[in-house]
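Remarks on the overall topology
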Amino acid sequence: MRVNKKYSCLPAEEKGIHIINIRAIEDIGYDQHESTLLNSLSKNPDADCKYGLYFRDGKRKVDYILVYHYKKSSAGKTLTRRVHHNDSSARSTKQDQPLPGKGVQLEMGESEPHVDYHEDDKRFRREEYEGNLVEAGLELERDEDTKIHGVGFVKIHAPWNVLCREAEFLKLKMPTKKMYQINQTHGLLKKINSVIQKITEPIQPKVAEHKPQTVKRLSYPFSREKQHLFDLSDRDSFFDSKTRSTIVYEILKRTTCTKAKYSMGITSLLANGVYSAAYPLHDGDYEGENVEPNDRKLLCEEWASYGVFYKYQPIDLVRKYFGEKIGLYFAWLGVYTQMLIPASIVGIIVFLYGCATVDENIPSMEMCDQRNNITMCPLCDRTCSYWKMSSACATARASHLFDNPATVFFSVFMALWAATFMEHWKRKQMRLNYRWDLTGFEEEEDHPRAEYEAKVLEKSLRKEHKHKETDKEKLTWKDRFPAYFTNFVGIIFMVGLTFAIVFGVIIYRISTAAALAISSTPSGRSSVRVTVTATAVIINLVVIIILDEVYGCIARWLTQIEVPKTDKNFEERLIFKAFLLKFVNAYTPIFYVAFFKGRFVGRPGDYVYIFHSFRMEECAPGGCLMELCIQLSIIMLGKQLIQNNLFEIGIPKMKKFIRYMKLKRRRSLDHEEHMKKKQRYEVDYNLEPFAGLTPEYMEMIIQFGFVTLFVASFPLAPLFALLNNIIEIRLDAKKFVTELRRPVAVRAKDIGIWYNILRGIGKLAVIINAFVISFTSDFIPRLVYLYMYSENGTMHGFVNHTLSSFNVSDFQAGTAPNDPMDLGYEVQICRYKDYREPPWSENKYDISKDFWAVLAARLAFVIVFQNLVMFMSDFVDWIIPDIPKDISQQIHKEKVLMVEVFMREEQGKLQMLETWKDKDKRKGENCNNHSPRLSRSHSGSLSSCHSYPLDV
């Protein structure tokens, strides 16, 4: 029975159909039986197709999968069937005269009582798009008889001629027949390398790709005219699965869905719900009995397992399976983790030095000595009383663990470490580029995004409505101005919100400290500072983690309303916004403690108040560095533990469990479907879609900031980062191999904008550590006292020198302690930490000259430290070449060898041409030597003497 289905345009207000959906199907009709849809699959899956890895014939490999949702008609039959596109000459027929009305009309005995126009719209789009894919040379096979109810799959295979054509278009470098010897080290270096190889052999992954190679195939951009240069003995493996899926994805992106005025590739179809997913297949199962060996299983065993945490990563195999972009991320993460080992060792030594010298630290000994009998001024008005400095002994001793001369050395070391790490990564990147045949690779402009095309279409439609002649439209800054303004206001608001939250935590600290000071128990009063600090840091941590997720969503939304043209532009703008917001979110509380807390307190009798009631909080007698260390350690460790364990492990498992329960509920409705064995594409469809590398990089970049920016206050930061990264590598690997759909392989020669962000953080770290050492720690005041004020050249008397005196009779009315006899005696003079004139001076409570001497020394240290370390970093950058010498020699050798190959080819062509000419000349002479009688009868043969085609 013949079924003609014609589709006509619908008004935009009906069924909520987007303007794109209307334009896509305007004046287009389809004949269902004249399309290239042929039933090719039987009900039971055939083992020859390896359960979805191959087409039904068991010969053609599935390179890509398109997924769509469909609804069953009222008669119980699906709108589309299991089909097979095989004949590129057959096409669906276009109807020139669309029927009036608003629906699909069936020329059958009875009409459908209800038609879902939106579903038909999607179906028509799919049929035309798939027809265009067949025109492009791809082969398709559809399967709707699956265990997932209402979901259909289109399997795509790229035949050999299409792979060759696209490889030439994409300028893919492929290995040729020519092999050459890689330069090997000689003499002492060779012996050292052999010793290192033997030592590191137990920690090398057991994969073929990781073994050191002595020969390498010469690579050259693929060309169909020069196929003889390439080793095509095994065509099935010449293009690996990663390359095949990349080629198919390029075709999917550029193939248009309709003959209307705009192009609509796979990104637009996914955005409009025509297809629900598009992904390449994994190579097979990674666990279970009788699993055939495949790269995915090998990666799971040698990479995505916590049991191999001590081994190197099989980076070449990761690149082979996931592509260069993901391979570079894991290579960078591996280099960063390796470089954290020396930083961790030095940090531990610095910490142990602080532990070893804590009993020899004279300032902390003086603070702990109860014989000094130093009475300190109250920490808050009225409710707080006077207190003994010796009660802060534990804080003073703990501060020395992180505030000692070794931390200055460690700050210089970490600045040089950051510069060395960047140079080491550049060299490693060049080695990978050479190994992966990416030398000379330049990224080409990407296809426009679906949202950009939709915006351009709306703009052109508006101009057409106004009867204006329009050329090819594009979005200008005027079109984007509202989005830019929204971005500016949104970012300012989010930064202001972060500051407001930090300010709220400050109010909490001040008010809680005042409330706990009222406590009648001495133990409660003594633990006020610890309690307030710990609870405030935990509040900060919770807020930071919540805002991290919120800011990530807001950054994506702000980038989407800008409508960047390409995916690369979108990614770079998203990274910039997300990094800015998350950087401010993570480091604002730490910046406050490091540079602002205790700076604007005032003095007894003239304190600075917030809202005329809350006194600004002061640093502990041992300085703010200890509190900075506590803040930094809790935020850093808390972010890593919670985000790794909860967000990266817990949430994906919870999503997987929810999907499993939904599928189980569906299966219970159809027991027959439940009994079928799942195809590979069904299993992969149930995995999480790949969301990009931005979250992975962002997490590591923020950690890199913790390791470098405030390392002067927390020398153990590299150690905790190292422990986290050892787990992080295997966690990410497990996620990519077992929990995510296989991403489309993307070629890349570097890590992109992330490298510039790393360099910026490295430069900023030098400046911040200079200010931390000079203004937050007591390193400079101690040096000034030692060389300017010490009577015997020791630190004896330093604590007394840093404290100023205050006459308690000068308290403002209503601010003096309610219980002045709390210590058991009447206090006349109390002390506070500042450089001010004593009450018996003519200019009492004015800033003393000691303050200006210390300030000058602090500023001088910042200038000297910053310039010296910057110079040393630049010197390291200059002295280490970006390209290793052996790699530059190999690249030059490849160029020379390639020239030789082409010169030999040209010489061969010339020799062949000369040979044909000589043969032609000799045959011509033979023809001329024939007798005149035979010349007429052989006139035809004479002409044939000169008709040899030359195939050079």
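Residues numbered from 1 in each chain as written. Predicted model: local features only at pLDDT ≥ 70, side-chain atom pairs only at ≥ 80, totals over all residues. Heavy atoms only, no water.

Looking at the side chain of Glu-302
Applicable threshold: A helix here means a DSSP run of H or I that spans at least four residues, while a strand means a run of E at least two residues long, and both kinds are numbered starting from the N terminus. Between N or O atoms, a polar contact is any pair within 3.5 Å; within protein, one atom must be a potential hydrogen donor and the other a potential acceptor, and residues adjacent in sequence are included only when both atoms are from side chains. It only takes one pair of heavy atoms within 4.5 Å for two residues to be counted as in contact.
With respect to the helices and strands, the residue Glu-302 is situated in helix H8 (residues 295–302). A polar side-chain atom of Glu-302 sits 3.5 Å from a polar atom in the side chain of Lys-311. Look past the residues within four positions of Glu-302 in its chain and what remains in contact with it is Pro-205, Lys-206, Val-207, Val-308, Lys-311, Pro-314 and Arg-730.

Details of the pattern of salt bridges
Let me state the cut-off plainly: Any Lys or Arg side-chain nitrogen located within 4 Å of an Asp or Glu carboxyl oxygen qualifies as a salt bridge. Note on classification: 1.4 Å probe, protein chains only; a residue is buried when its accessible area is under 20% of the maximum for its type, exposed when over 50%, partly exposed between these limits.
All chains considered together, the criterion is met by 43 salt bridges. Among the ionic pairs, Glu-571 bridges to Lys-325, the shortest N-O distance being 3.2 Å. In this pair, Glu-571 is assigned in helix H18 (residues 567–596) and Lys-325 in helix H10 (residues 324–356), connecting sequence segments 246 residues apart. The exposure class assigned to Glu-571 is partly exposed, which follows from its relative accessible area of 24%. Residue Lys-325 is classed as partly exposed on the basis of its relative accessible area of 29%.

Notes on helix H13 (residues 405–435)
So the rule is basically this: The span you would expect from a helix comes to 1.5 Å times its residue count less one.
Spanning 31 residues, H13 covers 45 Å between terminal C-alpha atoms, matching the ideal 45 Å at 1.5 Å per step. N-cap assignment for H13: the residue whose side-chain oxygen lies 3.0 Å from the backbone N of Ala-406 is Asn-404. Directly beyond the C-terminal end of H13, a positive phi value near 60° is found at Asp-437.

Here's the deal with the nonpolar core
Proteins that are soluble and globular tend to have nonpolar side chains buried together. So the rule is basically this: By nonpolar core is meant a set of buried Ala, Val, Leu, Ile, Met, Phe, Trp, Tyr and Cys residues that side-chain atoms within 4.5 Å join together.
Within the largest apolar cluster, 126 residues are counted, with the highest numbers of intra-cluster contacts made by Trp-332, Tyr-336, Trp-417 and Phe-710. Per-element tally for this core: the top contributor is H18, with 15 residues. Apart from the residues lying within four places of it in its own chain, the contact partners of Tyr-336 are Trp-417, Phe-421, Met-700, Gln-703, Phe-704, Val-707 and Asn-725. In terms of nonpolar packing, the next biggest core, distinct from the first, is built from 48 residues, Met-174, Val-248, Leu-269 and Met-898 among them.

Structural notes on the packing of aromatic side chains
Where we set the bar: Centre distance within 6.5 Å is the pairing criterion for rings of Phe, Tyr and Trp, where only the six-membered ring of Trp is used; planes under 30 degrees apart are then read as stacked, over 60 as edge-to-face, and the remainder as tilted.
All told, the structure shown has 55 aromatic pairs when counted by the stated rule. Seen in terms of ring centroids, Phe-153 and Tyr-681 are 5.0 Å apart; in terms of plane orientation they differ by 45°. Their pairing is tilted. With a gap of 528 residues between them, Phe-153 in strand E6 (residues 151–157) and Tyr-681 in helix H21 (residues 680–685) connect regions that are remote in the sequence. Measuring from ring centre to ring centre gives 6.5 Å for Phe-481 and Phe-485, while their planes differ by 25°; the resulting arrangement is stacked. Residue Phe-481 and its partner Phe-485 are both found in helix H15 (residues 477–517); the two are separated by four residues, about one turn of the helix.

Concerning the state of the cysteines
For the record, the criterion: Disulfides are defined as cysteine sulfur pairs within 2.5 Å.
Inspection of every chain in the model, using the stated rule, returns three disulfides. Between the sulfur atoms of Cys-368 and its disulfide mate Cys-393 the distance is 1.9 Å. Judged by the sign of its S-S torsion, about 95°, the bond between Cys-368 and Cys-393 is right-handed. Taken together, the positions of Cys-368 in helix H11 (residues 362–368) and Cys-393 in helix H12 (residues 393–402) put the pair 25 residues apart, joining distant regions of the chain. Cys-377 shares a disulfide with Cys-830; S-S distance 1.9 Å. Across the S-S bond linking Cys-377 and Cys-830, the dihedral sits near 85°, which makes this disulfide right-handed. Taken together, the residues span a long stretch of sequence, with Cys-377 in the loop between strand E10 (375–376) and strand E11 (387–388) and Cys-830 in strand E17 (residues 829–833) at a distance of 453 residues.

Overview of the confidence of the model for the protein
Rules: Known as pLDDT, the predictor's confidence for each residue is given on a scale from 0 to 100.
Across the protein, the average pLDDT comes to 79, with 82% of residues at or above 70. Note on residues 1–43: pLDDT under 50 across the span, and 133 contacts to partners over four residues away in sequence or across chains. Below a pLDDT of 50 lies the segment residues 74–83, which in the model reaches 34 contacts outside its immediate sequence neighbourhood of four places, other chains included.

A closer look at the environment of Leu-170
Examined against the element boundaries, Leu-170 turns out to sit in the loop between helix H3 (160–169) and strand E7 (173–181). Judged by relative accessible area, Leu-170 falls into the buried class, the value being 16%. For Leu-170, the residues in contact, after removing those within four places along its chain, are Ile-247, Glu-250 and Arg-747.

Notes on unusual backbone geometry
Its identity is not glycine, yet Lys-171 carries a phi of approximately 55°, on the positive side. You can see Lys-171 is positioned in the loop between H3 and E7. Unusually for a residue other than glycine, Tyr-845 sits at a positive phi of about 70°.

Digging into the packing of H8 against helix H9 (residues 315–322)
Two quantities define a packed helix pair, namely the angle between the helix axes and the distance between the axes. The criterion, for reference: Axis geometry follows a simple rule: fit a line to the C-alpha atoms, using only the stretch in contact for helices, then measure angles between N-to-C directions, giving values from 0 to 180 degrees. Each crossing gets its hand from how the near helix is turned against the far one by less than a right angle, where anticlockwise is left-handed and clockwise is right-handed. The residue classification treats Ala, Val, Leu, Ile, Met, Phe, Trp, Tyr, Cys and Pro as nonpolar and Asp, Glu, Lys and Arg as charged. All others, Gly included, are polar.
Contact pair H8 / H9: the axes reach a minimum separation of 11 Å and the direction vectors enclose 140°. The chirality of how H8 crosses H9 is left-handed. Taking contact as the criterion, the partners of Asp-295, Arg-296, Leu-298 and Leu-299 in H8 are, on H9, Leu-317, Val-318, Lys-320, Tyr-321 and Phe-322. Residue composition of the contact of H8 with H9, by class: six nonpolar, no polar and three charged.

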